[in-house]
Amino acid sequence: MNNLIQTITDYTTALEQKLSALEARVTLLETESGKLKTENEALEAKIATLQAEVATLVAAGAVAVQTAEPEVE
């Protein structure tokens, strides 16, 4: 009976350690995800700003818009 209790205790301890490690990993991934989301939002804002600037320049005739031509084989 003591053997069974010890086995269950050891197994429970091992599971608690794995759970703790997984919780730490989830926390790290959530932090990294938040950083990437913030960086992505900043890049999207820069892209929108640049697109608006290009549109303004095109409308003013300051920049010619180059369109891609299909490749002919």
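Whatever comes next refers back to the structure up there.
Let me begin by describing the structure that accompanies this report.

What counts and what doesn't
Residues numbered from 1 in each chain as written. Predicted model: local features only at pLDDT ≥ 70, side-chain atom pairs only at ≥ 80, totals over all residues. Heavy atoms only, no water. Helix = DSSP H or I, 4+ residues; strand = E, 2+ residues; numbered from the N terminus. Rg over C-alpha atoms; globule rule 2.2 N^0.38 Å. Areas by Shrake-Rupley, 256 points an atom, 1.4 Å probe, with all protein chains shown as cover. Lys, Arg positive; Asp, Glu negative; His and termini not counted. Charge placed at Lys NZ, Arg CZ, Asp CG, Glu CD. Salt bridge = Lys/Arg side-chain N within 4 Å of Asp/Glu carboxyl O. Expected span 1.5 Å × (residues − 1). Patch = residues over 30% accessible without salt bridge, like charges linked within 9 Å, V, L, I, M, F, W, Y side chains within 5 Å.

## A few points about the overall build of the protein
Piece 1. Looking only at helices and strands, the protein has one helix and zero strands in total.
Piece 2. Since a compact globule built from 73 residues should have a radius of gyration of about 11 Å, the 28 Å found for the protein marks it as more spread out than a globular shape.
Piece 3. Dimensions of the protein, computed from the C-alpha atoms along their principal axes, are close to 90 × 35 × 10 Å.
Piece 4. When the accessible area of the protein is evaluated, it comes to approximately 6,900 Å², of which 60% is carbon and sulfur surface.
Piece 5. Taking the 5 positively charged and 12 negatively charged side chains of the protein as two groups, their mean positions are separated by 9 Å.

## Digging into the pattern of salt bridges
Piece 1. Tallied over the entire structure, the rule returns one salt bridge.
Piece 2. Residue K35 pairs with E32 through a salt bridge whose shortest N-O separation is 3.6 Å. Placement of both K35 and E32 in helix α1 (residues 2–60) is noted, with a separation of three residues, approximately one turn of the helix.

## Digging into α1
Residues three or four positions apart in an α-helix share a direction because the helix packs 3.6 residues into each turn.
Piece 1. When the terminal C-alpha atoms of α1 are compared, their 86 Å separation across 59 residues agrees well with the 87 Å that a helix rising 1.5 Å per residue should span.
Piece 2. Positive phi shows up at G61, right after α1, with a value of about 80 degrees.

## Details of a nonpolar patch on the surface
Piece 1. Taken together, the side chains of M1, L4, I5 and I8 present a nonpolar region at the surface, about 460 Å² in accessible area.
Piece 2. Position of M1 relative to the elements: it lies in the segment before α1.

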